[in-house]
Amino acid sequence: MDDPVLEARNQVNTCLAELQTALSNYWREAGEPPSFILEAAAPALPQGALKNAKLYADRDLLMQETLMEGAIVAEVGTLNGNWAARMLEQKSPAELHLFDKTFDRVRKDVRANPVVTEHQGHSWGEISKLPDSHFDWIYLDAAHDLQSVRRDRNASIPKLKPTGILVFNDYVHWSHMLAQPYGVVVAANEMAQSGWDVVGLAITPHGYWDIAFRRSGS
Ligand SMILES: C[S@@+](CC[C@H](N)C(=O)[O-])C[C@H]1O[C@@H](n2cnc3c(N)ncnc32)[C@H](O)[C@@H]1O
């Protein structure tokens, strides 16, 4: 075969078929689903934490409504800066702090924007260097394993103003494009155990949802 894309596609399909067989076998032998492929069981969100939650068709609409003009914003994990560019264009933040291990891939127009500050290094370590009660809106989208999401979450919470909003991107247990467990649902749902309510859930059609939290009563 001389088409590398077709070859790679066939390889994925072969592996998927094997995985599906293995999962069925496990379920049959163990008498229970193979939940060990997930990071951990997520605590349920109490219904009371959803009383002011709104559904959005995608993350852009969630951002439009929950991020105020001129806010102080962080994007933790920015990749090529496309989402940062969207926030700059739509909401003219007073400050946009971008966190990533590398900024080589980030768009030149984003890097040159005077409200943008780059923080290079491990996200939770870099977040913790910033002043407390500083941010209106923090968007978490760096590493997705449970330990890393918890670290980013725990570093971010004190950095938010009392009315600040914490958004978790990729609110899924399993990345269907990477066949990889994500810890985001667990880390996000744990927020409700310490006095945070859901303000929005973006059910983006590709299946990688976003969920946003604000302190109860704020
Ligand atoms: C999914 S991409 C971000 C996509 C971007 N937020 C968007 O919506 O277009 C994840 C980014 O997080 C960065 N990243 C992953 N783990 C990190 C860590 N521990 N510290 C800093 N950056 C990290 C990666 O380098 C990558 O650029």
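Colleague: Account for the packing of aromatic side chains, naming residues and giving values.
Modeller: Evaluation of the coordinates by the stated rule reveals 5 aromatic pairs. Aromatic side chains tryptophan 137 and tyrosine 139 sit 5.9 Å apart centroid to centroid with 10° between the ring planes, which places their arrangement in the stacked category. Given the relative accessible area of 0%, tryptophan 137 is considered buried. Judged by its relative accessible area of 1%, tyrosine 139 falls in the buried class. Its guanidinium or amino end placed over the ring of tryptophan 83, arginine 59 lies 3.9 Å from that ring's centre, counting from NZ or CZ.

Colleague: I'd like a rundown of the packing of helix H2 (residues 59-66) against helix H3 (residues 82-91), residues and numbers included.
Modeller: Two elements in contact, H2 and H3, have axes separated by 11 Å at closest approach and are oriented at 40°. Comparing the axis directions of H2 and H3 gives the class oblique. The chirality of how H2 crosses H3 is right-handed. Of the residues in H3, those in contact with Arg59, Asp60, Met63 and Gln64 of H2 are Trp83, Arg86, Met87, Gln90 and Lys91. Across the contact of H2 with H3, the residue classes break down as 3 nonpolar, 2 polar and 4 charged.

Colleague: Residues and numbers for the domain arrangement of the protein chain, please.
Modeller: As assigned here, the protein chain comprises domain 1 (1-37) and domain 2 (42-215). For domain 1 versus domain 2, the distance between C-alpha centres works out to 32 Å.

Colleague: Tell me about the nonpolar core, and please be specific about residues and values.
Modeller: Most often, soluble globular proteins keep nonpolar side chains buried together rather than apart. Within the largest apolar cluster, 34 residues are counted, with the highest numbers of intra-cluster contacts made by Ile138, Leu166, Phe168, Tyr171, Ile211 and Phe213. Mapped onto this core, the elements with two or more residues apiece are strand S2 (72-76), strand S5 (135-140), helix H6 (146-156), strand S6 (160-168), helix H7 (184-189), strand S9 (196-202) and strand S10 (210-215). If one sorts the elements of this core by residue count, H7 sits on top with 5 residues. Residues within four places of leucine 166 in sequence aside, it is in contact with Ile138, Leu140, Arg153, Ser156, Ile157, Leu160, Met191, Ile211, Ala212 and Phe213. With 24 residues, the next largest nonpolar core counts Val73, Ala85, Leu96 and Val167 among its residues.

Colleague: Outline empty space enclosed by the protein, supporting the account with residue identities and numerical values.
Modeller: One pass over the structure, following the stated rule, counts 1 cavity of 30 Å³ or more. Looking at the largest cavity, its volume works out to about 60 Å³. Around the largest cavity, the lining residues are Leu140, Asp141, Ala142, Ala143, His144, Val149, Asp152, Phe168, Asn169 and Val184. Looking at the lining of the largest cavity residue by residue, the classes come out as 6 nonpolar, 2 polar and 2 charged.

Colleague: So what's going on with the side chain of arginine 153? Which residues, and what values?
Modeller: In this structure, arginine 153 sits in helix H6. For arginine 153, the contacting residues outside a window of four places in its chain are Leu140, Leu166, Phe168, Ala187, Glu190 and Met191.

About the criteria used
- Residues numbered from 1 in each chain as written.
- Predicted model: local features only at pLDDT ≥ 70, side-chain atom pairs only at ≥ 80, totals over all residues.
- Heavy atoms only, no water.
- Phe/Tyr/Trp six-rings, centres within 6.5 Å; stacked < 30°, edge-to-face > 60°.
- Buried < 20%, exposed > 50% of the residue type's maximum accessible area, 1.4 Å probe, protein only.
- Lys NZ or Arg CZ within 6 Å of the ring centre and 35° of its normal.
- Axes fitted to C-alpha atoms, helices over the stretch in contact; angles between N-to-C directions.
- Helix = DSSP H or I, 4+ residues; strand = E, 2+ residues; numbered from the N terminus.
- Parallel < 35°, antiparallel > 145°, perpendicular 65-115°, else oblique.
- Left-handed = near helix turned anticlockwise from the far one by under 90°.
- Contact = heavy atoms within 4.5 Å.
- Nonpolar A, V, L, I, M, F, W, Y, C, P; charged D, E, K, R; others polar.
- Domains from an automatic or database assignment.
- Core = buried A, V, L, I, M, F, W, Y, C linked by side-chain atoms within 4.5 Å.
- 1 Å grid on protein atoms, 1.4 Å probe; cavity = no way out; pocket = protein on both sides within 12 Å on 5 of 7 lines; lining within 4 Å.
- Points joined across faces, edges and corners; volume = space filled by probe spheres on them.

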